[in-house]
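Overview (structure and organization)
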Amino acid sequence: MQNLEGDPNGSFPEFSVAIQAAADYVNAELGGLGGRPIEIVLCKSIVSPDDSQRCANELSADGVELAISTINFFGNHYSIYAGSNIPVVAVTPITIADFTTPGVYSIGAGGGCLGVHTGLVQFATAELEEELGIEVNRVGVPWADTPPGVVCYNDLEAKPLDVIAGREPGDSARAGENPDLEYIGVPVAPATPDATPQATEVLDFDPDVIIFSGQGADCWNLVDAFGRLGWTPDQIPMVLSGACTDFAAMRAAGPLAEGVFFIGSGNTLLSPLEGQEPGKNLDDATVYQQKSAEYGVSADDIFKGFATQGFSAIMNLWDVAQGLDEVTGEALGEALAATDGTQPTF
């Protein structure tokens, strides 16, 4: 596994602890992968193209059978794994390479930018109108100013909004649906200590709704900046992605978190167990919340969106392994390649 840790521009240690906990759970209680215990070899990297490749070189040289790429801003590491015939699972796919590179399998809940950002647009411009009974013609779009963030914003937020407004051609049934739709995009650099200027620019646009996706700390720094300018969720609805889920930060935000909308399939694992209907969602949420705690994930890290995705990646590999006569990295890659999109995921 290579994971971004220790860099203010992108640090997600919750991936590492959740993946290790899931591996320990599978080894101790589910018989490993086809009777073989999972051994996690972790390489931590910073947000740097060179460091991305360093980790891939180190793990390839170590002889790993399968690589887990949690979240990577460059996608330049895949050719190194391919050179060693190592299949790769991309947990949170956010670059074009995550979706187009042979031998790379993007199985992250929610689909990374591809699903999440278009989902933010869909929810804000369609479902939210029905949910709150408001008309949405102006959308504030602060966006994460990172290498993949540029693509995620332009292709998966700005373009869909332009399609809905009829300024951009598209095959969607919603193409040209709202010619009055306008938006403002405001870049927000990672680890910005005071996002007041960016929040001011968004609010000066007088949006009907605000959408954002980024690492948890950046989400709540931005919310804090909006709050200091007098914004509340009651005044202007805010829609965040599952990447922003961080219960400790949400508690610290107090009233500013109350009424904020979250979208993302991974968050079903964080729903309170009491009151849920019996079935797969309850079963998966019970396993996640109980076993992640039992195998070493802190209470704060359990309730972070990326922790759910890391744990899910191992559980989905375990599920795929159930259909194999002999489990190897190569066999897991072939089994992932043979999936057809109909399998229920953890």
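Report follows, based on the coordinates. Small disclaimer: the values here were computed from a predicted structure and weren't measured. (Residues numbered from 1 in each chain as written. Predicted model: local features only at pLDDT ≥ 70, side-chain atom pairs only at ≥ 80, totals over all residues. Heavy atoms only, no water.)

1. A short note on the pairing of strand 6 (residues 138-144)
- Buried residues dominate strand 6, accounting for 5 of its 7 residues.
- Where strand 6 and strand 7 (residues 182-188) come together, 7 bridges link them in parallel fashion. Bridge pairing in strand 7 places glycine 140 opposite isoleucine 184.
- Once the chain exits strand 6 it traverses helix 6 (residues 147-165) before rejoining the sheet at strand 7, and the crossover so formed is right-handed.
- Strand direction decides the pairing type here: strand 6 and strand 8 (residues 209-212), joined by 2 bridges, are parallel. The residue of strand 8 that forms the bridge with glycine 140 is isoleucine 210. (Buried < 20%, exposed > 50% of the residue type's maximum accessible area, 1.4 Å probe, protein only. Helix = DSSP H or I, 4+ residues; strand = E, 2+ residues; numbered from the N terminus. Pairing = 2+ DSSP bridges. Right-handed = clockwise from strand over helix to strand, strands pointing away.)

2. A word on the pattern of salt bridges
- Taken as a whole and judged by the stated rule, the model has 14 salt bridges.
- One salt bridge in this structure joins arginine 36 and glutamate 65, with 2.6 Å as the shortest N-O distance. With arginine 36 in the loop between helix 1 (13-29) and strand 2 (43-45) and glutamate 65 in the loop between helix 2 (49-62) and strand 3 (67-69), this pair connects stretches of sequence that are 29 residues apart.
- A salt bridge links glutamate 182 to arginine 138, with the nearest nitrogen and oxygen atoms 3.3 Å apart. Here arginine 138 lies in strand 6 and glutamate 182 lies in strand 7, a separation of 44 residues in the sequence.
- The class for glutamate 182 is partly exposed, based on a relative accessible area of 39%.
- Overall, arginine 138 belongs to the partly exposed group, its relative accessible area being 25%. (Salt bridge = Lys/Arg side-chain N within 4 Å of Asp/Glu carboxyl O.)

3. Digging into the layout of surface pockets
- Counted as a void, the largest pocket has a volume near 500 Å³.
- In terms of lining residues, the largest pocket is bounded by 22 residues, among which Leu33, Ile38, Glu39, Glu65 and Leu66 are the most central.
- Put simply, the parts of the chain that give the lining of the largest pocket at least two residues each are strand 3, helix 12 (305-321) and helix 13 (329-337).
- Sort the elements by how many residues they give to the lining of the largest pocket and helix 12 lands first, with 3 residues.
- Approximately 400 Å³ is the volume found for the second largest pocket.
- Around the second largest pocket, the lining is made up of 15 residues, and of these Ile107, Leu336, Thr339, Gln343 and Thr345 lie nearest the centre.
- Put simply, the parts of the chain that give the lining of the second largest pocket at least two residues each are strand 5 (104-106), helix 12 and helix 13. (1 Å grid on protein atoms, 1.4 Å probe; cavity = no way out; pocket = protein on both sides within 12 Å on 5 of 7 lines; lining within 4 Å. Points joined across faces, edges and corners; volume = space filled by probe spheres on them.)

4. Points about the nonpolar core
- The biggest cluster of nonpolar side chains holds 46 residues, and the ones touching the most others in it are Ile71, Tyr288, Phe311 and Ile314.
- Breaking this core down by element, the ones donating at least two residues are helix 1, helix 6, helix 12 and helix 13.
- For this core, the leading source of residues is helix 12, giving 9 residues.
- In this structure isoleucine 314 touches Ile19, Ala22, Ala23, Val26, Ile38, Ile40 and Ile68, once residues within four positions along its chain are discounted.
- The next biggest cluster of nonpolar side chains, apart from the first, holds 24 residues, and it includes Ala195, Trp220, Leu256 and Val260. (Core = buried A, V, L, I, M, F, W, Y, C linked by side-chain atoms within 4.5 Å. Contact = heavy atoms within 4.5 Å.)

5. Quick word on the sheet that holds strand 6
- Strand order in the open sheet formed by 5 strands is 7-6-8-9-10, and the pairing between neighbours is parallel. Two strands in the sheet have a free side with no partner beyond their single neighbour: strand 7 and strand 10 (261-263). This sheet shows a mean twist of 20° between the axes of neighbouring strands, independent of strand direction.
- Across the sheet, helix 7 (residues 196-204) lies against strand 6, strand 7 and strand 8, angled at about 180° from strand 7, the strand it touches most. (Axes fitted to C-alpha atoms, helices over the stretch in contact; angles between N-to-C directions.)

6. What about the packing of aromatic side chains?
- Applying the stated criterion to the full structure yields 11 aromatic pairs.
- Arranged with centres 6.0 Å apart and planes meeting at 40°, the rings of phenylalanine 311 and phenylalanine 346 form a pair that is tilted. Here phenylalanine 311, found in helix 12, pairs with phenylalanine 346, found in the segment after helix 13; they are 35 residues apart in sequence, far enough to count as distant. The burial state of phenylalanine 311 is the same as that of phenylalanine 346; both residues are buried.
- Through a chain of ring-to-ring contacts, three or more aromatic side chains come together here, namely Phe12, Phe15 and Phe306.
- Over the aromatic face of phenylalanine 205 sits the side chain of arginine 138, whose NZ or CZ is 3.9 Å from the ring centroid. (Phe/Tyr/Trp six-rings, centres within 6.5 Å; stacked < 30°, edge-to-face > 60°. Lys NZ or Arg CZ within 6 Å of the ring centre and 35° of its normal.)

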